[in-house]
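# Architecture and fold: a report
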Amino acid sequence: MEIILATVVLGILLAVFIVLPRLRSKSVPQKRKVSSNAQNKAVKSYSKAEVARHNKRTDCWIIIKDKVFDVTSYVEEHPGGDAILDHAGDDSTEGFYGPQHATRVFEMIDDFCIGDLEI
Ligand code: HEM
């Protein structure tokens, strides 16, 4: 009986002082990491000259309304084919908001945004 009681008390002490603090300390840095990544993403900005260096099929950045998008992974998937490369490394705002794009396309670009254009 005493042995069982001692085991239960030891188990509770272990949970309170060792297992729970570890679980808590693991979750805190994870939260910090996510928020700092999100901040970096929002703050990053690129000059026109930097964007201009990414002007090919295998490395394609475009500018849409003062934001910079890395669409390299989308070039081959683009339903409009190579039209997405017309202004690779440059301002594609006019082409992007052309009549060929349904409004749902405007929501797709967020996934490709890498930052702001330096003004
Ligand atoms: C992130 C950037 C872009 C995305 C996500 C995107 C997406 C799409 C999608 C989904 C379509 C199919 C039509 C639709 O569903 O409305 C399309 C068609 C088209 N896109 Fe884009 N597009 C992008 C950039 C551009 C740019 C910069 C141009 C430049 C002119 C362009 C030109 C076209 C053309 C001409 C079509 C029509 C294809 C056809 O119907 O024959 N797109 N695009």
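This structure is a prediction, so every number in the text was calculated from the model and none was measured.

### With respect to the overall build of the chain
If you tally the helices and strands in the chain, you get 4 helices and 5 strands. In the chain, the succession of helices and strands from N to C terminus is α-β-α-β-β-β-α-α-β. By residue count, 24% of the 119 residues in the chain fall in the buried class. Looking at the chain alone, contacts between residues at least 24 apart form 66% of all its contacts between residues at least 6 apart. Accessible surface, the chain as shown: approximately 9,000 Å² in total, 60% of it carbon and sulfur.

### Details of the site of the ligand
In the vicinity of the ligand, 17 residues are found, and the nearest of them are His78, Gln100, His101, Ala102 and Arg104. Note that a nitrogen atom of the ligand is positioned 2.8 Å from one of the side-chain N or O atoms of His78. More than half of the atoms belonging to the ligand lie within 2 Å of the grid points that define the largest pocket. Going through the elements one at a time, helix 3 (93-96) and helix 4 (103-108) are the ones with two or more residues in the shell around the ligand. In terms of residue count, helix 4 provides more of the shell around the ligand than any other element does, 3 residues in total. For the shell around the ligand, a count of residues per class yields 10 nonpolar, 6 polar and 1 charged.

### Some details on the side chain of His54
In this fold, His54 is placed in the loop between helix 2 (48-52) and strand 2 (55-56). Setting aside anything within four residues of it in sequence, one finds His54 in contact with Asp59, Cys60, Trp61, Ala88 and Gly89.

### A few points about the coordination of the iron atom of the ligand
Only His78 (NE2) and His101 (NE2) from the protein reach the iron atom of the ligand as donors, at distances of 2.0 Å. Each of the 6 donor atoms bound to the iron atom of the ligand contributes to angles spanning 85 to 179°, and the resulting shape is octahedral. In this pair, His78 sits in the loop between strand 4 (67-70) and helix 3 while His101 sits in the loop between helix 3 and helix 4, placing the two residues 23 residues apart along the sequence. We note that His78, like His101, is buried.

### As for the environment of Ile64
In this fold, Ile64 is placed in strand 3 (residues 59-64). Through-space distance from the C-alpha of Ile64 to that of Ser92 is 5.7 Å; in sequence the pair is 28 residues apart. Not counting residues up to four positions away in its chain, the partners in contact with Ile64 are Phe69, Ser92, Thr93, Phe96, Tyr97 and Ile109.

### Focus: the pattern of salt bridges
Taken as a whole, this structure holds 5 salt bridges when the rule is applied. A salt bridge links Glu76 to Arg57; the nearest nitrogen and oxygen atoms lie 3.3 Å apart. Note that Glu76 is positioned in the loop between strand 4 and helix 3 and Arg57 in the loop between strand 2 and strand 3, a separation of 19 residues in sequence. A salt bridge links Asp82 to Arg57; the shortest N-O distance between them is 2.8 Å. Here Asp82 is found in the loop between strand 4 and helix 3, whereas its partner Arg57 is found in the loop between strand 2 and strand 3, with 25 residues between them in sequence. Relative accessible area serves as the criterion here: at 42%, Asp82 is assigned to the partly exposed category. Look at the salt bridges and you will find they share partners, linking Arg57, Glu76 and Asp82 into a network.

The rules behind the values
Residues numbered from 1 in each chain as written. Predicted model: local features only at pLDDT ≥ 70, side-chain atom pairs only at ≥ 80, totals over all residues. Heavy atoms only, no water. Helix = DSSP H or I, 4+ residues; strand = E, 2+ residues; numbered from the N terminus. Buried < 20%, exposed > 50% of the residue type's maximum accessible area, 1.4 Å probe, protein only. Contact = heavy atoms within 4.5 Å. Areas by Shrake-Rupley, 256 points an atom, 1.4 Å probe, with all protein chains shown as cover. Near = heavy atom within 4 Å. Polar contact = N/O pair within 3.5 Å; in protein donor to acceptor, adjacent residues only side chain to side chain. 1 Å grid on protein atoms, 1.4 Å probe; cavity = no way out; pocket = protein on both sides within 12 Å on 5 of 7 lines; lining within 4 Å. Sits in = over half its atoms within 2 Å of the grid points. Nonpolar A, V, L, I, M, F, W, Y, C, P; charged D, E, K, R; others polar. Donors = N, O, S within 2.8 Å, 3.2 Å for Na, K, Ca; no water. Tetrahedral: all angles 85-135°; square planar, octahedral: opposite > 155°, others 65-115°. Salt bridge = Lys/Arg side-chain N within 4 Å of Asp/Glu carboxyl O.

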